[in-house]
Amino acid sequence: MNKNNLDLKFLYQEPLVRDYDVMGIDLEQRAWDKKHEKGEEKFRNFVKKCSLKDFIHTYIRVFKDKFPNGSRLAFSFCGNVSYPEENIKEFKEFDRSDIKSYVTEKYIGPIKNEFDPGNRDVYETKINIEFKKVFSLETVDKALEGLSYTKNRENDITVYEVEDSPIKTLEVTDTSFSININEDKVVLYYKL
């Protein structure tokens, strides 16, 4: 198993989780989950044990062409979570010892129906991962191969502006990266 042949289909659920919630078709969702269970398990095992370089490459690859289910992705290598603000999710446990912090920011839409306050659109707008180790920009460059992008250095941050991808920009330091999401490519997997 290597970073290029991982089955990532479990991250792009169809129909969307939100559709299952609305339709109440629990058996169909379970069947979909069962179908992709092995791919998810292999992914989890890989991201727990792979090199930092391969982890970063894989993480960026997940977002290259299609917007993934961010919660499912995060729980593939993170444990306990806190919510310092309604739109911020901060993970506190990691299956990898080289992750220092993992934080996601979310868009939470307005309540659409006063009788069903849980029917709000929600999706990740920014993901920030900070590592305990240094990594090279070459890792990011390789992960973005095949995409059109520009790269600019601003103080200690290298900013990649990516075209036609769920990744709008990547802000990279020697120990962290932030993915800013292209909201035109968002898939609404679930609702709040």
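What you see is a predicted model; the values in this text were computed from it and never measured.

As for the nonpolar core
Part 1 of the argument: Ranked by size, the top nonpolar core spans 46 residues in total, and within it Phe55, Tyr59, Phe63, Leu170 and Phe177 carry the most contacts.
Part 2 of the argument: When near neighbours in sequence (up to four residues on either side) are disregarded, Leu170 contacts Ile60, Val140, Leu144, Thr158, Val159, Tyr160, Phe177, Ser178 and Ile179.

Comments concerning the packing of helix 3 (residues 37–49) against helix 4 (residues 52–64)
Part 1 of the argument: The N-to-C vectors of helix 3 and helix 4 enclose an angle of 140°; their axes lie 8 Å apart at closest approach. Looking at the two axes, helix 3 sits oblique to helix 4. The crossing of helix 3 and helix 4 is left-handed. Listed contacts from helix 4 to Phe43, Phe46 and Val47 of helix 3 are Asp54, Phe55, Thr58 and Val62.
Part 2 of the argument: Among the residues making up the contact of helix 3 with helix 4, the classes are represented as five nonpolar, one polar and one charged.

Overview of the packing of aromatic side chains
Part 1 of the argument: In this structure the tally under the stated criterion is 16 aromatic pairs.
Part 2 of the argument: Aromatic side chains Tyr59 and Phe63 sit 5.6 Å apart centroid to centroid with 35° between the ring planes, which places their arrangement in the tilted category. You can see Tyr59 and its partner Phe63 sitting in helix 4, four residues apart, about one turn around the helix. Per residue, the accessibility class of Tyr59 equals that of Phe63, and both read buried.
Part 3 of the argument: Both rings, one in Tyr59 and one in Phe77, keep their centres 6.1 Å apart while their planes meet at 80°; by these two values the pair is edge-to-face. Taken as a pair, Tyr59 in helix 4 and Phe77 in the loop between helix 5 (70–74) and strand 1 (81–85) lie far apart in primary sequence, 18 residues in all. In this pair, the class of Tyr59 matches that of Phe77, namely buried.
Part 4 of the argument: Taken together, the aromatic side chains of Phe55, Tyr59, Phe63, Phe67, Phe75, Phe77, Phe91, Tyr102, Phe131, Phe135 and Phe177 make up a single cluster linked through ring pairs.

As for the side chain of Asp98
Part 1 of the argument: Relative to the helices and strands, Asp98 resides in the loop between strand 2 (88–91) and strand 3 (99–108).
Part 2 of the argument: According to the relative accessible area criterion, Asp98 is buried, its value standing at 7%.
Part 3 of the argument: Within polar-contact distance, the side chain of Asp98 engages the side chain of Arg96 at 2.7 Å.
Part 4 of the argument: The residues contacting Asp98, other than those within four sequence positions of it, are Leu52, Glu130, Phe131, Lys132 and Lys133.

Re the environment of Ile60
Part 1 of the argument: Position of Ile60 among the secondary structure elements: in helix 4.
Part 2 of the argument: For Ile60 and Leu170, which are 110 residues apart along the polypeptide, the C-alpha to C-alpha distance reads 9.3 Å.
Part 3 of the argument: Here Ile60 is in contact with Val140, Ala143, Leu144, Ile167 and Leu170, once residues within four sequence places are set aside.

A word on empty space enclosed by the protein
Part 1 of the argument: Throughout the structure, instances matching the rule amount to one cavity of 30 Å³ or more.
Part 2 of the argument: Empty space within the largest cavity amounts to approximately 30 Å³.
Part 3 of the argument: Looking at the lining of the largest cavity, the elements that each hand over two or more residues are helix 4, helix 5, strand 3 and strand 4 (122–131).
Part 4 of the argument: Residue composition of the lining of the largest cavity, grouped by class: five nonpolar, two polar and one charged.

What to know about the sheet that holds strand 6 (residues 157–162)
Part 1 of the argument: Taken together, the eight strands give an open sheet; going across it, the order is 1-2-3-4-8-7-6-5, and neighbouring strands pair in antiparallel fashion. Every interior strand has two partners, whereas the edge strands, strand 1 and strand 5 (149–154), have only one. Neighbour to neighbour, the strand axes of the sheet diverge by 20° on average, direction disregarded.
Part 2 of the argument: Bridge count between strand 7 (residues 167–172) and strand 8 (residues 176–181): five bridges; the pairing is antiparallel. The residue bridging Leu170 from the neighbouring strand is Ile179, located in strand 8.

Parameters and conventions
Residues numbered from 1 in each chain as written. Predicted model: local features only at pLDDT ≥ 70, side-chain atom pairs only at ≥ 80, totals over all residues. Heavy atoms only, no water. Core = buried A, V, L, I, M, F, W, Y, C linked by side-chain atoms within 4.5 Å. Buried < 20%, exposed > 50% of the residue type's maximum accessible area, 1.4 Å probe, protein only. Contact = heavy atoms within 4.5 Å. Axes fitted to C-alpha atoms, helices over the stretch in contact; angles between N-to-C directions. Helix = DSSP H or I, 4+ residues; strand = E, 2+ residues; numbered from the N terminus. Parallel < 35°, antiparallel > 145°, perpendicular 65-115°, else oblique. Left-handed = near helix turned anticlockwise from the far one by under 90°. Nonpolar A, V, L, I, M, F, W, Y, C, P; charged D, E, K, R; others polar. Phe/Tyr/Trp six-rings, centres within 6.5 Å; stacked < 30°, edge-to-face > 60°. Polar contact = N/O pair within 3.5 Å; in protein donor to acceptor, adjacent residues only side chain to side chain. 1 Å grid on protein atoms, 1.4 Å probe; cavity = no way out; pocket = protein on both sides within 12 Å on 5 of 7 lines; lining within 4 Å. Points joined across faces, edges and corners; volume = space filled by probe spheres on them. Pairing = 2+ DSSP bridges.

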